[in-house]
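# Report on the structure
Letter by letter, the chains look like this.
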Amino acid sequence: MENDTKLSIYRAARTIKRRDNTLYNALRSIYDDSIFVGEISQLWPQLPLVANLRCGLWYSTKFYSTCYFKSTDGHTNNWSFNTSRLNFHIALLAGQKGGCFIVDSTRRGKRFPDSMSKTIPIWTCVLNRAIFNYLNKLSNDDSSLVERDSDTGHNCVDWDCSLHLPLWVSETEKAAIEDRLEGWTKDLETSGADIATLASCLKKPLRPLWISQRTVIWINEVPDYDSWDFTPIILVSASSSSGVTQHRTTSEFSWNYIPGAGDDEESWARGLSPNLFWNHAYDLISAGPDLCNQKVADIVEKDRVYRAQRGQSAPQITAKPSISGSSHDLPCLEPLLCSDLSSLMVNSSEEDCGIFWLGSTNLAIGASQVAEHASNVDCVLNCDQWPFSANHQEAEAYLHLPIVNSKMDRFSLFNNLPSAVTFANSNLTKGRSLLICCRDGEDISVCVCLAILISLFDDEGSFDGGKSFGERGITKCEMRRRLVYICKFAIKARPSRGNLRQVFSFLNNGKAT
(Lines give C-alpha, C1' and ligand atoms only; values in the text may rest on other atoms or scores of the structure.)
Protein backbone atom coordinates (compact mmCIF):
# COMPACT_ATOMS: atom_id res chain seq x y z
CA MET A 1 0.00 0.00 0.00
CA GLU A 2 2.83 2.34 0.89
CA ASN A 3 4.53 1.65 -2.45
CA ASP A 4 1.28 2.35 -4.29
CA THR A 5 0.98 5.69 -2.48
CA LYS A 6 4.55 6.66 -3.37
CA LEU A 7 3.97 5.66 -6.98
CA SER A 8 0.78 7.69 -7.12
CA ILE A 9 2.58 10.75 -5.74
CA TYR A 10 5.36 10.27 -8.27
CA ARG A 11 2.90 9.99 -11.14
CA ALA A 12 1.02 13.06 -9.93
CA ALA A 13 4.27 15.04 -9.72
CA ARG A 14 5.24 13.96 -13.25
CA THR A 15 1.81 14.91 -14.55
CA ILE A 16 2.03 18.36 -12.99
CA LYS A 17 5.53 18.84 -14.41
CA ARG A 18 4.41 17.86 -17.91
CA ARG A 19 1.47 20.24 -17.63
CA ASP A 20 3.67 23.12 -16.55
CA ASN A 21 6.49 22.45 -19.02
CA THR A 22 4.45 22.72 -22.21
CA LEU A 23 5.98 24.03 -25.42
CA TYR A 24 4.02 27.27 -25.27
CA ASN A 25 5.02 27.87 -21.64
CA ALA A 26 8.68 27.43 -22.61
CA LEU A 27 8.57 29.73 -25.65
CA ARG A 28 6.55 32.41 -23.89
CA SER A 29 8.94 32.29 -20.91
CA ILE A 30 11.93 32.63 -23.23
CA TYR A 31 10.32 35.61 -24.92
CA ASP A 32 9.59 37.35 -21.61
CA ASP A 33 13.18 36.78 -20.45
CA SER A 34 14.54 38.08 -23.77
CA ILE A 35 12.97 41.47 -23.03
CA PHE A 36 15.06 41.67 -19.85
CA VAL A 37 18.21 40.69 -21.75
CA GLY A 38 17.51 43.40 -24.32
CA GLU A 39 17.02 46.04 -21.62
CA ILE A 40 20.31 45.14 -19.90
CA SER A 41 22.26 45.12 -23.17
CA GLN A 42 21.09 48.69 -23.81
CA LEU A 43 22.75 49.91 -20.61
CA TRP A 44 26.10 49.52 -22.39
CA PRO A 45 25.11 49.25 -26.08
CA GLN A 46 28.72 49.37 -27.26
CA LEU A 47 29.50 46.04 -25.60
CA PRO A 48 28.87 42.88 -27.68
CA LEU A 49 26.31 40.32 -26.58
CA VAL A 50 27.58 36.72 -26.36
CA ALA A 51 25.50 33.55 -25.87
CA ASN A 52 26.77 30.74 -23.65
CA LEU A 53 25.87 27.60 -25.54
CA ARG A 54 23.43 26.11 -25.73
CA CYS A 55 20.81 27.52 -23.40
CA GLY A 56 21.84 31.16 -23.75
CA LEU A 57 21.33 31.16 -27.51
CA TRP A 58 17.54 31.25 -27.08
CA TYR A 59 17.40 34.63 -25.33
CA SER A 60 18.21 37.18 -28.04
CA THR A 61 18.31 37.74 -31.79
CA LYS A 62 21.35 39.99 -31.64
CA PHE A 63 24.23 37.84 -30.46
CA TYR A 64 27.65 38.91 -31.66
CA SER A 65 29.25 35.54 -30.95
CA THR A 66 28.96 32.41 -28.81
CA CYS A 67 31.03 30.78 -26.07
CA TYR A 68 31.02 27.48 -24.21
CA PHE A 69 31.46 27.52 -20.44
CA LYS A 70 30.17 24.35 -18.75
CA SER A 71 28.41 24.43 -15.41
CA THR A 72 30.03 21.09 -14.52
CA ASP A 73 33.43 22.83 -14.43
CA GLY A 74 32.04 24.93 -11.57
CA HIS A 75 30.25 22.27 -9.54
CA THR A 76 31.32 22.05 -5.91
CA ASN A 77 34.40 19.83 -5.46
CA ASN A 78 34.54 19.38 -9.24
CA TRP A 79 36.06 22.75 -10.15
CA SER A 80 38.09 22.72 -13.33
CA PHE A 81 39.91 24.90 -15.83
CA ASN A 82 39.58 23.02 -19.10
CA THR A 83 42.18 23.77 -21.79
CA SER A 84 39.93 22.19 -24.42
CA ARG A 85 37.42 24.99 -23.77
CA LEU A 86 39.68 28.05 -23.50
CA ASN A 87 37.22 30.50 -25.10
CA PHE A 88 40.17 32.72 -26.01
CA HIS A 89 38.07 34.46 -28.64
CA ILE A 90 35.87 35.88 -25.86
CA ALA A 91 38.86 37.32 -23.99
CA LEU A 92 40.16 38.83 -27.25
CA LEU A 93 36.69 40.21 -28.07
CA ALA A 94 36.44 41.77 -24.61
CA GLY A 95 39.88 43.30 -25.05
CA GLN A 96 38.95 44.77 -28.43
CA LYS A 97 35.54 46.11 -27.38
CA GLY A 98 36.31 47.03 -23.77
CA GLY A 99 34.18 44.21 -22.34
CA CYS A 100 31.22 42.02 -23.23
CA PHE A 101 27.95 40.48 -22.02
CA ILE A 102 27.56 36.72 -21.62
CA VAL A 103 23.97 35.46 -21.49
CA ASP A 104 22.88 32.19 -19.90
CA SER A 105 20.03 30.88 -17.79
CA THR A 106 19.27 28.22 -15.20
CA ARG A 107 16.38 26.26 -13.82
CA ARG A 108 14.26 27.10 -10.78
CA GLY A 109 16.02 27.66 -7.47
CA LYS A 110 19.17 29.48 -8.58
CA ARG A 111 19.86 33.05 -9.58
CA PHE A 112 22.85 32.05 -11.70
CA PRO A 113 24.07 28.79 -13.24
CA ASP A 114 27.37 27.42 -11.93
CA SER A 115 28.94 28.38 -15.24
CA MET A 116 28.50 32.01 -14.18
CA SER A 117 28.99 31.62 -10.42
CA LYS A 118 32.31 29.76 -10.65
CA THR A 119 33.40 28.52 -14.11
CA ILE A 120 33.77 31.97 -15.70
CA PRO A 121 35.30 33.61 -12.58
CA ILE A 122 37.89 30.80 -12.52
CA TRP A 123 38.52 31.36 -16.23
CA THR A 124 39.05 35.13 -15.86
CA CYS A 125 41.37 34.62 -12.88
CA VAL A 126 43.55 32.01 -14.59
CA LEU A 127 43.87 34.14 -17.73
CA ASN A 128 44.79 37.18 -15.64
CA ARG A 129 47.48 35.21 -13.80
CA ALA A 130 48.94 33.84 -17.04
CA ILE A 131 49.12 37.37 -18.49
CA PHE A 132 50.72 38.66 -15.29
CA ASN A 133 53.40 35.93 -15.46
CA TYR A 134 54.01 36.61 -19.14
CA LEU A 135 54.49 40.34 -18.57
CA ASN A 136 56.88 39.74 -15.70
CA LYS A 137 58.96 37.35 -17.79
CA LEU A 138 58.96 39.91 -20.55
CA SER A 139 60.46 42.48 -18.20
CA ASN A 140 62.95 39.97 -16.71
CA ASP A 141 61.77 41.10 -13.28
CA ASP A 142 59.67 38.55 -11.37
CA SER A 143 59.13 40.86 -8.41
CA SER A 144 57.14 43.61 -10.11
CA LEU A 145 54.72 44.03 -12.93
CA VAL A 146 56.18 45.20 -16.20
CA GLU A 147 55.45 48.71 -17.35
CA ARG A 148 53.72 48.11 -20.59
CA ASP A 149 54.82 49.79 -23.78
CA SER A 150 52.97 53.07 -24.21
CA ASP A 151 53.14 52.66 -27.98
CA THR A 152 50.69 49.76 -27.76
CA GLY A 153 48.12 51.87 -25.91
CA HIS A 154 48.43 50.00 -22.62
CA ASN A 155 48.63 51.60 -19.23
CA CYS A 156 50.95 50.76 -16.39
CA VAL A 157 48.55 49.25 -13.86
CA ASP A 158 48.56 46.85 -10.94
CA TRP A 159 47.38 43.74 -12.73
CA ASP A 160 44.61 42.16 -10.64
CA CYS A 161 45.18 38.41 -10.26
CA SER A 162 42.73 37.79 -7.43
CA LEU A 163 39.73 35.47 -7.67
CA HIS A 164 36.43 37.36 -7.86
CA LEU A 165 33.42 35.24 -6.91
CA PRO A 166 29.82 36.26 -6.13
CA LEU A 167 28.87 36.76 -2.48
CA TRP A 168 26.81 33.57 -2.28
CA VAL A 169 29.89 31.38 -2.79
CA SER A 170 31.22 30.49 0.66
CA GLU A 171 34.68 31.45 1.88
CA THR A 172 35.50 27.76 2.35
CA GLU A 173 34.72 27.00 -1.27
CA LYS A 174 36.59 30.09 -2.42
CA ALA A 175 39.70 29.00 -0.49
CA ALA A 176 39.52 25.52 -2.03
CA ILE A 177 39.35 27.02 -5.53
CA GLU A 178 42.25 29.39 -4.81
CA ASP A 179 44.43 26.43 -3.84
CA ARG A 180 44.07 25.10 -7.38
CA LEU A 181 44.66 28.33 -9.30
CA GLU A 182 48.43 28.00 -9.56
CA GLY A 183 48.17 24.51 -11.06
CA TRP A 184 45.55 25.65 -13.59
CA THR A 185 47.73 28.61 -14.57
CA LYS A 186 50.66 26.26 -15.24
CA ASP A 187 48.37 24.02 -17.31
CA LEU A 188 47.44 27.03 -19.43
CA GLU A 189 51.03 28.18 -19.83
CA THR A 190 52.21 24.73 -20.95
CA SER A 191 49.25 24.16 -23.29
CA GLY A 192 50.72 26.26 -26.09
CA ALA A 193 48.01 28.92 -25.79
CA ASP A 194 48.89 32.27 -27.38
CA ILE A 195 49.18 34.28 -24.18
CA ALA A 196 51.33 36.91 -25.91
CA THR A 197 48.47 37.91 -28.22
CA LEU A 198 46.06 37.99 -25.28
CA ALA A 199 48.44 40.18 -23.25
CA SER A 200 48.81 42.65 -26.12
CA CYS A 201 45.02 42.85 -26.61
CA LEU A 202 43.87 43.26 -23.00
CA LYS A 203 44.60 46.71 -21.58
CA LYS A 204 42.98 45.87 -18.24
CA PRO A 205 42.51 42.59 -16.36
CA LEU A 206 39.31 40.63 -16.85
CA ARG A 207 36.69 40.70 -14.11
CA PRO A 208 33.18 39.23 -13.92
CA LEU A 209 30.09 41.18 -12.89
CA TRP A 210 26.70 39.57 -12.23
CA ILE A 211 23.25 40.85 -13.28
CA SER A 212 19.95 39.01 -12.80
CA GLN A 213 16.29 40.03 -12.77
CA ARG A 214 16.65 40.73 -9.03
CA THR A 215 19.56 43.13 -9.53
CA VAL A 216 18.74 46.77 -8.70
CA ILE A 217 20.23 49.23 -11.21
CA TRP A 218 19.77 52.99 -11.01
CA ILE A 219 19.34 53.96 -14.66
CA ASN A 220 20.58 57.51 -14.13
CA GLU A 221 23.73 56.29 -12.38
CA VAL A 222 25.00 53.65 -14.80
CA PRO A 223 28.80 54.09 -14.96
CA ASP A 224 30.78 54.20 -18.18
CA TYR A 225 32.53 50.87 -18.61
CA ASP A 226 35.68 52.75 -19.68
CA SER A 227 35.86 54.25 -16.17
CA TRP A 228 36.45 50.87 -14.53
CA ASP A 229 40.00 49.67 -13.89
CA PHE A 230 39.15 46.25 -15.32
CA THR A 231 37.68 44.73 -18.48
CA PRO A 232 34.11 43.76 -17.53
CA ILE A 233 32.67 40.35 -18.38
CA ILE A 234 29.02 41.08 -17.55
CA LEU A 235 27.21 37.84 -16.75
CA VAL A 236 23.48 38.13 -17.42
CA SER A 237 21.25 35.41 -16.00
CA ALA A 238 18.14 35.75 -18.14
CA SER A 239 15.50 34.06 -16.00
CA SER A 240 13.66 34.94 -12.83
CA SER A 241 14.90 32.94 -9.85
CA SER A 242 11.62 32.67 -7.94
CA GLY A 243 11.26 29.28 -6.30
CA VAL A 244 7.49 29.11 -6.81
CA THR A 245 5.48 28.54 -9.98
CA GLN A 246 4.49 31.86 -11.54
CA HIS A 247 1.18 31.93 -13.36
CA ARG A 248 1.10 34.81 -15.83
CA THR A 249 -1.70 36.18 -17.96
CA THR A 250 -2.36 38.60 -20.80
CA SER A 251 -5.65 39.82 -22.22
CA GLU A 252 -5.74 36.72 -24.42
CA PHE A 253 -3.81 33.85 -22.82
CA SER A 254 -2.44 32.55 -19.56
CA TRP A 255 0.67 30.42 -19.05
CA ASN A 256 3.07 29.13 -16.41
CA TYR A 257 6.47 30.79 -16.37
CA ILE A 258 9.45 28.39 -16.65
CA PRO A 259 12.84 29.65 -15.38
CA GLY A 260 15.69 28.57 -17.64
CA ALA A 261 13.23 27.37 -20.26
CA GLY A 262 15.95 27.30 -22.95
CA ASP A 263 17.84 24.55 -21.13
CA ASP A 264 17.77 20.94 -22.37
CA GLU A 265 16.05 21.83 -25.63
CA GLU A 266 15.93 18.22 -26.82
CA SER A 267 13.28 17.47 -24.18
CA TRP A 268 10.81 20.16 -25.23
CA ALA A 269 11.67 22.06 -28.46
CA ARG A 270 10.31 19.41 -30.90
CA GLY A 271 12.96 20.23 -33.51
CA LEU A 272 12.60 24.00 -33.14
CA SER A 273 15.89 25.92 -33.04
CA PRO A 274 16.54 29.42 -31.64
CA ASN A 275 16.89 30.68 -35.20
CA LEU A 276 13.55 29.21 -36.29
CA PHE A 277 11.85 30.45 -33.14
CA TRP A 278 12.87 34.08 -33.60
CA ASN A 279 12.05 34.01 -37.32
CA HIS A 280 8.49 32.95 -36.42
CA ALA A 281 8.14 34.39 -32.92
CA TYR A 282 5.09 36.53 -33.72
CA ASP A 283 3.13 33.59 -35.16
CA LEU A 284 4.10 31.23 -32.34
CA ILE A 285 3.39 33.55 -29.42
CA SER A 286 0.18 34.88 -30.90
CA ALA A 287 -1.07 31.34 -31.65
CA GLY A 288 -1.55 30.69 -27.95
CA PRO A 289 -1.24 27.44 -25.97
CA ASP A 290 -3.82 25.49 -27.97
CA LEU A 291 -2.30 26.02 -31.42
CA CYS A 292 1.39 26.38 -30.53
CA ASN A 293 2.34 22.71 -30.92
CA GLN A 294 0.80 22.47 -34.37
CA LYS A 295 2.45 25.74 -35.44
CA VAL A 296 5.85 24.44 -34.35
CA ALA A 297 5.30 21.15 -36.17
CA ASP A 298 4.43 23.03 -39.37
CA ILE A 299 7.44 25.36 -39.10
CA VAL A 300 9.88 22.53 -38.41
CA GLU A 301 8.51 20.43 -41.27
CA LYS A 302 8.66 23.33 -43.74
CA ASP A 303 12.26 23.98 -42.73
CA ARG A 304 13.08 20.27 -43.10
CA VAL A 305 11.60 20.17 -46.61
CA TYR A 306 13.37 23.41 -47.54
CA ARG A 307 16.75 21.97 -46.51
CA ALA A 308 16.06 18.57 -48.04
CA GLN A 309 15.32 20.18 -51.42
CA ARG A 310 18.78 21.75 -51.27
CA GLY A 311 20.50 18.54 -50.32
CA GLN A 312 21.16 19.64 -46.76
CA SER A 313 20.90 17.41 -43.70
CA ALA A 314 17.21 17.23 -42.84
CA PRO A 315 16.30 14.44 -40.38
CA GLN A 316 12.65 13.70 -39.80
CA ILE A 317 11.26 15.24 -36.62
CA THR A 318 8.44 13.41 -34.89
CA ALA A 319 6.15 15.42 -32.67
CA LYS A 320 2.57 14.89 -31.58
CA PRO A 321 0.44 17.96 -32.31
CA SER A 322 -2.01 18.93 -29.63
CA ILE A 323 -5.73 19.04 -30.24
CA SER A 324 -6.46 22.39 -31.80
CA GLY A 325 -8.86 24.59 -30.00
CA SER A 326 -11.01 27.31 -31.41
CA SER A 327 -9.30 30.09 -33.33
CA HIS A 328 -8.51 33.33 -31.61
CA ASP A 329 -7.85 36.80 -32.82
CA LEU A 330 -4.22 37.80 -32.67
CA PRO A 331 -3.42 39.49 -29.38
CA CYS A 332 -1.69 42.82 -29.13
CA LEU A 333 1.98 41.98 -28.57
CA GLU A 334 4.99 44.01 -27.61
CA PRO A 335 6.66 45.93 -30.50
CA LEU A 336 9.70 43.63 -30.57
CA LEU A 337 7.67 40.68 -31.81
CA CYS A 338 6.22 42.70 -34.64
CA SER A 339 9.64 43.77 -35.89
CA ASP A 340 11.75 41.90 -38.42
CA LEU A 341 13.24 39.04 -36.44
CA SER A 342 15.89 37.86 -38.88
CA SER A 343 18.38 35.09 -38.30
CA LEU A 344 20.75 35.22 -35.35
CA MET A 345 23.78 37.29 -36.32
CA VAL A 346 27.19 36.14 -35.18
CA ASN A 347 29.62 38.71 -36.50
CA SER A 348 32.92 37.19 -37.45
CA SER A 349 34.59 37.01 -40.83
CA GLU A 350 35.42 33.35 -40.24
CA GLU A 351 31.94 32.48 -39.01
CA ASP A 352 30.29 34.26 -41.93
CA CYS A 353 31.65 31.62 -44.31
CA GLY A 354 31.48 28.80 -41.75
CA ILE A 355 34.96 27.46 -42.53
CA PHE A 356 37.87 27.80 -40.11
CA TRP A 357 41.36 27.51 -41.61
CA LEU A 358 44.13 26.34 -39.27
CA GLY A 359 46.93 28.77 -40.00
CA SER A 360 49.13 27.62 -42.90
CA THR A 361 48.49 23.89 -42.46
CA ASN A 362 46.10 23.60 -45.46
CA LEU A 363 43.57 22.09 -43.03
CA ALA A 364 40.12 23.52 -42.40
CA ILE A 365 37.13 22.61 -40.21
CA GLY A 366 33.48 23.30 -40.91
CA ALA A 367 29.90 22.06 -40.83
CA SER A 368 28.76 19.67 -43.57
CA GLN A 369 26.06 22.11 -44.66
CA VAL A 370 28.77 24.64 -45.56
CA ALA A 371 31.26 22.09 -46.88
CA GLU A 372 28.80 20.84 -49.48
CA HIS A 373 28.99 24.16 -51.32
CA ALA A 374 32.60 25.10 -50.51
CA SER A 375 34.50 26.17 -53.61
CA ASN A 376 37.80 27.24 -52.03
CA VAL A 377 38.96 23.75 -50.98
CA ASP A 378 40.60 20.98 -53.00
CA CYS A 379 39.20 17.97 -51.15
CA VAL A 380 36.63 17.15 -48.47
CA LEU A 381 36.59 14.60 -45.66
CA ASN A 382 32.92 14.25 -44.68
CA CYS A 383 32.47 12.80 -41.17
CA ASP A 384 28.71 13.39 -41.06
CA GLN A 385 26.30 10.46 -40.98
CA TRP A 386 24.85 11.64 -44.28
CA PRO A 387 26.76 11.85 -47.60
CA PHE A 388 26.48 14.76 -49.99
CA SER A 389 27.53 15.58 -53.54
CA ALA A 390 30.80 17.49 -53.24
CA ASN A 391 31.87 20.03 -55.84
CA HIS A 392 34.91 17.97 -56.86
CA GLN A 393 35.44 16.07 -60.10
CA GLU A 394 37.96 13.54 -58.79
CA ALA A 395 36.68 10.68 -56.66
CA GLU A 396 39.86 10.73 -54.60
CA ALA A 397 39.09 14.30 -53.52
CA TYR A 398 36.06 13.25 -51.45
CA LEU A 399 35.72 10.66 -48.69
CA HIS A 400 32.63 9.96 -46.60
CA LEU A 401 33.15 8.37 -43.17
CA PRO A 402 29.81 8.09 -41.31
CA ILE A 403 31.09 8.66 -37.77
CA VAL A 404 28.61 8.88 -34.89
CA ASN A 405 28.95 10.40 -31.44
CA SER A 406 30.70 8.43 -28.70
CA LYS A 407 27.41 8.16 -26.78
CA MET A 408 25.96 6.12 -29.65
CA ASP A 409 29.09 4.11 -30.50
CA ARG A 410 32.20 4.23 -28.31
CA PHE A 411 34.46 3.05 -31.15
CA SER A 412 32.99 4.74 -34.22
CA LEU A 413 35.61 7.47 -34.38
CA PHE A 414 38.45 5.11 -33.41
CA ASN A 415 37.58 2.67 -36.21
CA ASN A 416 37.41 5.38 -38.87
CA LEU A 417 40.54 7.34 -37.98
CA PRO A 418 42.97 5.12 -39.98
CA SER A 419 41.02 5.82 -43.18
CA ALA A 420 40.82 9.53 -42.33
CA VAL A 421 44.57 9.87 -41.77
CA THR A 422 45.38 7.88 -44.93
CA PHE A 423 43.06 10.07 -47.00
CA ALA A 424 44.55 13.24 -45.51
CA ASN A 425 48.11 12.05 -46.07
CA SER A 426 47.40 11.20 -49.70
CA ASN A 427 45.96 14.64 -50.49
CA LEU A 428 48.24 16.79 -48.32
CA THR A 429 51.27 15.13 -49.95
CA LYS A 430 50.02 16.54 -53.26
CA GLY A 431 49.77 20.03 -51.74
CA ARG A 432 45.99 20.03 -51.66
CA SER A 433 43.86 21.83 -49.10
CA LEU A 434 41.59 19.61 -46.99
CA LEU A 435 38.25 20.51 -45.39
CA ILE A 436 37.11 18.21 -42.56
CA CYS A 437 33.41 18.48 -41.79
CA CYS A 438 30.75 16.97 -39.56
CA ARG A 439 27.15 17.85 -38.78
CA ASP A 440 27.93 20.95 -36.69
CA GLY A 441 31.67 21.39 -37.24
CA GLU A 442 32.24 21.43 -33.49
CA ASP A 443 33.05 17.91 -32.25
CA ILE A 444 33.78 14.98 -34.56
CA SER A 445 35.48 17.05 -37.27
CA VAL A 446 37.64 18.71 -34.60
CA CYS A 447 38.74 15.33 -33.23
CA VAL A 448 39.50 13.96 -36.71
CA CYS A 449 41.50 17.10 -37.48
CA LEU A 450 43.37 16.68 -34.19
CA ALA A 451 44.37 13.13 -35.13
CA ILE A 452 45.56 14.30 -38.55
CA LEU A 453 47.47 17.26 -37.12
CA ILE A 454 49.32 15.09 -34.62
CA SER A 455 49.93 12.21 -37.04
CA LEU A 456 51.13 14.13 -40.08
CA PHE A 457 52.55 17.45 -38.83
CA ASP A 458 55.63 18.35 -36.80
CA ASP A 459 55.80 20.62 -33.75
CA GLU A 460 56.13 23.70 -35.97
CA GLY A 461 52.89 22.91 -37.82
CA SER A 462 54.62 21.79 -41.02
CA PHE A 463 53.43 18.73 -42.94
CA ASP A 464 55.97 15.88 -42.83
CA GLY A 465 53.83 12.85 -43.65
CA GLY A 466 54.15 11.37 -40.15
CA LYS A 467 57.93 11.33 -39.85
CA SER A 468 58.13 13.27 -36.58
CA PHE A 469 55.17 11.42 -35.07
CA GLY A 470 56.89 8.07 -35.66
CA GLU A 471 59.91 9.33 -33.77
CA ARG A 472 58.28 10.99 -30.75
CA GLY A 473 54.91 9.32 -30.10
CA ILE A 474 52.22 11.23 -28.20
CA THR A 475 51.45 12.31 -24.65
CA LYS A 476 48.29 13.84 -23.19
CA CYS A 477 50.15 17.12 -22.73
CA GLU A 478 51.16 17.20 -26.39
CA MET A 479 47.64 16.28 -27.49
CA ARG A 480 46.24 19.07 -25.31
CA ARG A 481 48.71 21.52 -26.86
CA ARG A 482 47.64 20.60 -30.39
CA LEU A 483 43.97 20.91 -29.44
CA VAL A 484 44.60 24.41 -28.09
CA TYR A 485 46.19 25.26 -31.46
CA ILE A 486 43.05 24.09 -33.29
CA CYS A 487 40.75 26.01 -30.93
CA LYS A 488 42.74 29.18 -31.61
CA PHE A 489 41.30 29.16 -35.14
CA ALA A 490 38.12 27.05 -34.83
CA ILE A 491 36.49 29.09 -32.08
CA LYS A 492 33.32 26.96 -32.14
CA ALA A 493 35.24 23.77 -31.35
CA ARG A 494 33.59 21.71 -28.58
CA PRO A 495 35.17 18.24 -28.67
CA SER A 496 33.56 15.73 -26.33
CA ARG A 497 35.60 13.81 -23.80
CA GLY A 498 34.54 10.46 -25.26
CA ASN A 499 35.76 11.38 -28.74
CA LEU A 500 39.04 12.79 -27.41
CA ARG A 501 39.64 9.49 -25.61
CA GLN A 502 39.22 7.64 -28.91
CA VAL A 503 41.77 9.94 -30.59
CA PHE A 504 44.29 9.33 -27.82
CA SER A 505 43.74 5.55 -27.99
CA PHE A 506 44.17 5.60 -31.76
CA LEU A 507 47.42 7.54 -31.58
CA ASN A 508 48.85 5.36 -28.80
CA ASN A 509 47.93 2.10 -30.49
CA GLY A 510 50.20 2.87 -33.42
CA LYS A 511 47.35 3.23 -35.87
CA ALA A 512 48.53 6.63 -37.12
CA THR A 513 51.37 5.32 -39.27
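Residues numbered from 1 in each chain as written. Predicted model: local features only at pLDDT ≥ 70, side-chain atom pairs only at ≥ 80, totals over all residues. Heavy atoms only, no water.

## Regarding the overall build of the protein
A tally of regular secondary structure across the protein gives 16 helices and 12 strands. Across the 513 residues that make up the protein, the buried fraction comes to 49%. For the protein, the share of sequence-separated contacts (at least 6 apart) that also reach a separation of at least 24 residues comes to 73%. Of the roughly 24700 Å² that the protein leaves accessible, carbon and sulfur atoms contribute 49%. (Helix = DSSP H or I, 4+ residues; strand = E, 2+ residues; numbered from the N terminus. Buried < 20%, exposed > 50% of the residue type's maximum accessible area, 1.4 Å probe, protein only. Contact = heavy atoms within 4.5 Å. Areas by Shrake-Rupley, 256 points an atom, 1.4 Å probe, with all protein chains shown as cover.)

## A word on the pattern of salt bridges
Considering all chains together, one arrives at 16 salt bridges under this definition. One salt bridge in this structure joins Glu-173 and Lys-118, with 2.8 Å as the shortest N-O distance. Here Lys-118 lies in helix α4 (residues 114–138) and Glu-173 lies in helix α5 (residues 171–189), a separation of 55 residues in the sequence. Grouping residues by exposure puts Glu-173 and Lys-118 together as buried. Glu-182 is the salt-bridge partner of Arg-129, the closest N and O atoms lying 3.6 Å from each other. (Salt bridge = Lys/Arg side-chain N within 4 Å of Asp/Glu carboxyl O.)

## Section: the sheet that holds strand β11 (residues 398–400)
Reading across from one edge, β8-β9-β12-β10-β11 is the order of the 5 strands in this open sheet, with mixed pairing throughout. Bordering the open sheet on either side are β8 (355–357) and β11, each of which pairs with just one other strand. Going from strand to strand, the sheet's axes swing by 20 degrees on average, the running direction of each strand aside. Where strand β10 (residues 379–382) and strand β12 (residues 434–438) come together, 4 bridges link them in parallel fashion. The partner of Asn-382 across the bridge, within β12, is Cys-437. Sheet strands touched by helix α12 (residues 412–429): β9 (363–367), β10, β11 and β12. Its angle to β10, the strand with the most contacts, is close to 175 degrees. (Pairing = 2+ DSSP bridges. Axes fitted to C-alpha atoms, helices over the stretch in contact; angles between N-to-C directions.)

## What about the sheet that holds strand β4 (residues 206–211)?
Paired through backbone hydrogen bonds, the strands of a sheet run either parallel or antiparallel to each other. Taken in spatial order, the 5 strands make up an open sheet running β2-β1-β3-β5-β4, and their pairing is parallel. Looking at the sheet topology across the chains shown, the edges are occupied by β2 (65–67) and β4. Averaged over all adjacent pairs, the angle separating strand axes in this sheet is 30 degrees, with direction ignored. When strand β3 (residues 100–104) meets strand β5 (residues 231–237), the two strands line up parallel, connected through 5 bridges. Note that in β5 the partner of Asp-104 across the bridge is Ser-237. Seen against the sheet, helix α3 (residues 88–97) touches β1 (49–52), β2, β3, β4 and β5 and runs at an angle of roughly 130 degrees to β2.

## A closer look at the packing of aromatic side chains
How two aromatic rings sit relative to each other is set out by the distance from centre to centre and by the angle between their planes. The tally for this structure, following the rule as stated, stands at 13 aromatic pairs. Here Trp-44 and Phe-101 contribute two aromatic rings whose centre-to-centre distance is 6.2 Å and whose plane-to-plane angle is 45 degrees, an arrangement assigned as tilted. Remark: Phe-101 occurs in strand β3 and Trp-44 occurs in the loop between α2 (23–41) and β1; sequence separation between them is 57 residues. For Phe-101, a relative accessible area of 0% puts it in the buried group. Plain terms: the ring middles of Phe-112 and Trp-168 are 5.2 Å apart, the flat faces sit at 15 degrees to each other, and that makes the pair stacked. With a gap of 56 residues between them, Phe-112 in the loop between β3 and α4 and Trp-168 in the loop between α4 and α5 connect regions that are remote in the sequence. The class for Phe-112 is buried, based on a relative accessible area of 3%. (Phe/Tyr/Trp six-rings, centres within 6.5 Å; stacked < 30°, edge-to-face > 60°.)

## Notes on the pairing of β9
Most of β9 is tucked away: 5 of the 5 residues are buried. What sits between the antiparallel neighbours β8 and β9 is a turn of 5 residues, in which Gly-359 has the positive phi angle 55 degrees.

## What about unusual backbone geometry?
Here the residue pair Leu-53 and Arg-54 is connected by a cis peptide bond, since its omega of 0 degrees sits within 30 degrees of zero. Mapped onto the secondary structure, Arg-54 falls in the loop between β1 and β2. Unlike most non-glycine residues, Asn-77 shows phi in positive territory, near 65 degrees. Among the structural elements, Asn-77 can be located in the loop between β2 and α3. Residue class for Asn-77 comes out exposed when judged on its relative accessible area of 64%.

## Things to note about the pairing of β3
Taking burial as the measure, the 5 residues of β3 include 5 buried ones, the bulk of the element. Alternating residues of β3 divide into Cys-100, Ile-102 and Asp-104 and Phe-101 and Val-103, and every residue in both groups is buried. Two strands pair when backbone bridges link them, and β1 and β3 are joined in this way by 3 bridges, in the parallel orientation. In the strand pairing of β3, Val-50 is matched with Ile-102.

## A closer look at the nonpolar core
One finds Leu-27, Trp-44, Trp-58, Tyr-59, Leu-272 and Phe-277 to be the most contacted residues of the largest nonpolar core, which totals 47 residues. Elements supplying a minimum of two residues to this core: α2, β1, β3, β5, α7 (274–279) and α8 (281–309). Those residues in contact with Tyr-59 that lie beyond four places of it in its chain are Ile-30, Asp-33, Ser-34, Val-37, Val-103, Ser-105, Ala-238, Ser-239, Gly-260, Ala-261, Gly-262 and Trp-278. Counting residues in each nonpolar core, the second largest holds 45 residues, with Leu-428, Phe-457, Ala-490 and Ala-493 among its members. (Core = buried A, V, L, I, M, F, W, Y, C linked by side-chain atoms within 4.5 Å.)

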